[in-house]
Amino acid sequence: MGRITQYYHATSLEDAFAKAKQLGPVAAYVGGGVELVLRRNPEITTLIDLSHCGLDYIAASREGIEIGSQTTLTTISRSADIRQYAGGSLAWWAGHIAHNNLRDMITVGGVIGRNQPWNDVVPHLVALGAQVRLFDGTERITPLSDYIEAKQPGAIIKGVLLSAGNAGSRGFLWRFTRTQQDISTLHFSALVNCDGKVMTAANLVFAGRPGHAALYPRLSEELVGKSLSHETFARLAEMAPDLVEVGTDLRATGEFRRELVRAAIVNLDEHMTGVAQ
Amino acid sequence: MTISINVNTVERSFDIQPGEVLLDVLRREGYLEVKGSCHSGDCGACTVLLDGRPVASCLILVAKADGHAVTTVRGIGDQAHPHVLQEAFVKNGAVQCGYCVPGAITSAKALLDENPDPTEEEIRLAMDSNYCRCTGYEQQVEAVLDAAAQLRKGDKK
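You'll find chain B entered in an unreviewed UniProt entry as (2Fe-2S)-binding protein, with Candidatus Cryosericum terrychapinii given as the organism.

As annotated in an unreviewed UniProt entry, chain A carries the name FAD-binding PCMH-type domain-containing protein and is attributed to Candidatus Cryosericum terrychapinii.

Okay, structure coming up:
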């Protein structure tokens, strides 16, 4: 990172945004900083540190939970509120991803801001229906799925919102890797809401296809209104490999990934019905 | 730019480049007990405590540590006054080539500070960032269990 000439400790969101606006594309916000170090961008000359902007918080309210963008994965994994949210899937995942000493560095805003295709946090947040609170002079809230589709340069991610409406749903995450800490050859995250034995809502997300996280509404619709049964998931496992866009790269062929899509649905079946096939 | 870091309870000022990482500055300033290896956050050799939490010093921008406290393995214990963890590593055969040991002990210290009675699974999770190519990890886990038991007895600090 030899070309970095300035490290600026912003004192507020307004201060950070004004500095970034003044400098343009040569400036970058620092979340955890891990990606900035690993994948150096020679065009960046100024780093804007947000750690003094009061963004390290987890706040629960009647509307849901808001996670400040500078909150680390370790802090998320230990939050009593997040452990109770959607079956605790996000808390569990935040406590197991990557390495112990990286989980204390990686921030939720950093992973969303960088949104690398191999990222395993963003897909799960998308499945949970997360929204992001952005700041670009004024605040606004937008669905995370929309934000990662059309990222707006310059906007600061202030926080991530988890709706209280999804708190009682069941979060699920399955990914295929060659080792525990390897990046995903395929990542599958889901959020399913049930009323008794009937599924009333679902979000199904695939990532590592090898593309970025993507919602599959057509697959989600297949579960809504259906009974929580092996037959329902068997139908889904049959159709999903044809609907999920997968590709070939050095890690796996598209054909192999289609088989993983099927395996992901079988795992969701086991999780939701509680019986191994 | 000049930054201040409390290293092993001593306030220090360092002249740094804005893009430097903590590992490079610590080693340049003589903290050679902090080992560099992969430089990509994979191996855990460079682990130090930042405000009591383990971090990969090869990936953390040193400017982020400005105003914070860093503890290296020498801040945990040294040859004259070894920490019970360091003694347990030796006693349990958890040291062979020794290169990973500063990082491993640092991660273990962070765990025991928070959880004085960890299970084997909790130890493995807390040290999942520390690669060791010699011991096969079994002795390291036994060493941490041993140290935790001694610390719980209260006769060592």
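Looking only at helices and strands, chain B has 6 helices and 5 strands in total. Starting at the N terminus and ending at the C terminus, chain B contains elements arranged as β-β-α-β-β-β-α-α-α-α-α. Against the globule reference of 15 Å for 157 residues, chain B gives a C-alpha radius of gyration of 15 Å, in line with a compact fold. Each of the three principal axes of chain B carries a C-alpha extent, and together these read 45 × 30 × 25 Å. Within chain B, the fraction of its 157 residues that count as buried is 49%.

Our focus in this paragraph is the overall build of chain A. Of the regular secondary structure elements, chain A holds 12 helices and 12 strands. Considered along the principal axes of its C-alpha atoms, chain A spans approximately 60 × 45 × 30 Å. Going through the 277 residues of chain A one by one, you find that 48% of them count as buried. A separation of at least 24 residues holds for 58% of the contacts in chain A among residues at least 6 apart in sequence.

Turning to helix H3 (residues 84-91) of chain B, a few remarks are in order. Residues and elements named next belong to chain B. Those residues of H3 not exposed but buried are Val 84, Leu 85, Gln 86, Ala 88 and Phe 89. Residues of H3 that are buried in the fold lie against helix H4 (101-114) and helix H6 (138-153). Gly 93 occupies a position one or two residues after H3 and carries a positive phi of about 70°.

Bringing H6 of chain B into the picture now. Two residues of an α-helix separated by three or four positions point the same way, owing to the 3.6 residues in each turn. All names here are of chain B. Counted at 1.5 Å a residue, the expected span for H6 with its 16 residues is 22 Å, and the 23 Å between its end C-alpha atoms agrees. Among the residues of H6, those classed as buried are Gln 139, Gln 140, Val 141, Ala 143, Val 144, Ala 147 and Ala 148. Immediately beyond the C-terminal end of H6, within one or two residues, lies Gly 154, with a positive phi of roughly 85°.

In this complex, chain A contributes 20 residues to the contact, which on the side of chain B involves 23 residues. Sorting the residues of the side of chain A that touches chain B by element identifies strand E1 (6-9), helix H2 (34-38), strand E3 (46-49) and helix H6 (100-103) of chain A as the ones contributing at least two each. Each residue belonging to the side of chain A that touches chain B can be placed in one class, and the counts come to 10 nonpolar, 8 polar and 2 charged.

Further remarks concern the nonpolar core. As a rule of thumb, soluble globular proteins bury nonpolar side chains together. The biggest cluster of nonpolar side chains holds 137 residues, and the ones touching the most others in it are Ile 48 of chain A together with Ile 60 of chain B. If you tally residues by element for this core, the top one is H4 of chain B, at 7 residues. Contacts of Ile 48 of chain A, omitting those with residues within four sequence positions, involve Tyr 8, Ala 10, Ala 16, Lys 19, Ala 20, Ala 27, Ala 28, Tyr 29 and Val 30 of chain A.

The next point concerns the environment of Ile 60 of chain B. Residues and elements named next belong to chain B. By secondary structure assignment, the location of Ile 60 is in the loop between strand E4 (53-56) and strand E5 (69-71). Its 26 C-beta neighbours within 10 Å are what place Ile 60 among the buried residues. Between the alpha carbons of Ile 60 and Leu 23 there is a distance of 8.0 Å; along the sequence they are 37 residues apart.

With that settled, consider the pairing of strand E11 (residues 198-207) of chain A. Residues and elements named next belong to chain A. Of all 10 residues in E11, 7 are buried; the element is thus mostly enclosed. Of the strand pairs in this sheet, strand E10 (residues 186-195) and E11 are connected by 9 bridges, and their pairing is antiparallel. What sits directly across from His 187, in E11, is Ala 207. The antiparallel pairing of E10 with E11 creates a hairpin that spans 2 residues between the two strands, and Gly 196 there sits at a positive phi of about 65°. Pairing analysis gives 2 bridges linking E11 to strand E12 (residues 214-215), with the strands arranged antiparallel. Bridge pairing in E12 links Phe 206 to Ala 214. The antiparallel hairpin formed by E11 and E12 contains 6 residues in its connecting segment, where Gly 208 sits at a positive phi of about 65°.

In this chain, Arg 209 of chain A is followed by Pro 210 of chain A through a cis amide linkage whose omega measures 20°. Mapped onto the elements, Pro 210 of chain A comes out in the loop between E11 and E12. In this model, Ala 86 of chain A sits at a positive phi of 50°, which is unusual for a non-glycine residue. Among the secondary structure elements, Ala 86 of chain A is positioned in the loop between helix H4 (80-83) and helix H5 (89-94). Residue classification places Ala 86 of chain A among the buried residues on the basis of 23 C-beta atoms within 10 Å. Positive phi is not limited to glycine here, since Tyr 137 of chain B has a value of about 75°. Assignment of secondary structure puts Tyr 137 of chain B in the loop between helix H5 (120-126) and H6.

Parameters at a glance
- Residues numbered from 1 in each chain as written.
- Chains lettered and ligands numbered in written order.
- Predicted model: local features only at pLDDT ≥ 70, side-chain atom pairs only at ≥ 80, totals over all residues.
- Helix = DSSP H or I, 4+ residues; strand = E, 2+ residues; numbered from the N terminus.
- Rg over C-alpha atoms; globule rule 2.2 N^0.38 Å.
- Buried ≥ 20, exposed ≤ 12 C-beta atoms within 10 Å, placed from the backbone.
- Contact = placed C-beta atoms within 7 Å.
- Expected span 1.5 Å × (residues − 1).
- Nonpolar A, V, L, I, M, F, W, Y, C, P; charged D, E, K, R; others polar.
- Core = buried A, V, L, I, M, F, W, Y, C linked by C-beta atoms within 7 Å.
- Pairing = 2+ DSSP bridges.

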